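Per-entry structural report
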Amino acid sequence: MACENFLYKLEGGSTVHTQFLTQDLADEIHLAIAPIFVGDSKAPRFVNDGVFPGGTAHRMKVAEVKSVGDVVLIRYLPKHSSGDSTS
């Protein structure tokens, strides 16, 4: 049986991010960091509370960084991807 690769792009809020990351369903993370500060502790976060596979020991590696104006785009991959044996 042939193995097919699929690419899905997921955009959402903290609930969707938390659901996918706690179920270990993300192979890649793209973050956009902009110099905007929200001084509200109730403001939405990237993820909500959850149990994430590997906990704090499960780190990702930076695969790419781009600057677009005053925004920085960062692409992260799991350390075990692309033959990286440092996971």
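Since this is a predicted model, take the numbers as computed values, not measurements.

Parameters at a glance
- Residues numbered from 1 in each chain as written.
- Predicted model: local features only at pLDDT ≥ 70, side-chain atom pairs only at ≥ 80, totals over all residues.
- Heavy atoms only, no water.
- Helix = DSSP H or I, 4+ residues; strand = E, 2+ residues; numbered from the N terminus.
- Buried < 20%, exposed > 50% of the residue type's maximum accessible area, 1.4 Å probe, protein only.
- Contact = heavy atoms within 4.5 Å.
- Areas by Shrake-Rupley, 256 points an atom, 1.4 Å probe, with all protein chains shown as cover.
- Pairing = 2+ DSSP bridges.
- Arc of directions from axis to C-beta.

**Considering the overall build of the protein chain**
Broken down by element type, the protein chain carries one helix and three strands. Each helix (α) and strand (β) of the protein chain, taken in turn from the N terminus, gives the series α-β-β-β. The buried share among the 87 residues of the protein chain stands at 13%. Excluding contacts between residues fewer than 6 apart, the proportion of contacts in the protein chain whose partners are at least 24 apart in sequence is 56%. For the protein chain, the exposed area adds up to about 7,400 Å²; of that, 56% sits on carbon and sulfur atoms.

**Structural notes on the environment of D27**
By the secondary structure assignment, D27 is in the loop between α1 (14–22) and β1 (29–33). Among the residues examined, D27 registers a relative accessible area of 61% and is labelled exposed. Considered as a pair, D27 and M60 are 33 residues apart in the sequence and their alpha carbons are 10.0 Å apart. In this structure D27 touches L77 and P78, once residues within four positions along its chain are discounted.

**Overview of the environment of P53**
As for its position among the elements, P53 is in the loop between β1 and β2 (60–68). On the basis of relative accessible area, P53 is assigned to the partly exposed category, the value being 27%. Excluding residues that lie within four positions of it along the chain, P53 makes contacts with L21, T22, D24 and H58.

**Describing the pairing of β2**
Examined bridge by bridge, β2 and strand β3 (residues 71–78) share eight bridges and lie antiparallel to one another. Its bridge partner lying in β3, V62 is registered against Y76. Hairpin connection between β2 and β3: a loop of two residues separates the two successive antiparallel strands, and G69 in this loop has a positive phi of roughly 65°.

**Focus: α1**
In an α-helix, one turn spans 3.6 residues, which is why side chains three or four residues apart end up on the same side. Those residues of α1 not exposed but buried are S14, H17, T18, L21 and T22. Each buried residue of α1 sits inside an arc of 110° when the element is viewed along its axis, so together they form one side. A positive backbone phi angle near 55° is found at D24, which sits one or two residues after α1.

Any functional reading would require information beyond the geometric quantities listed.
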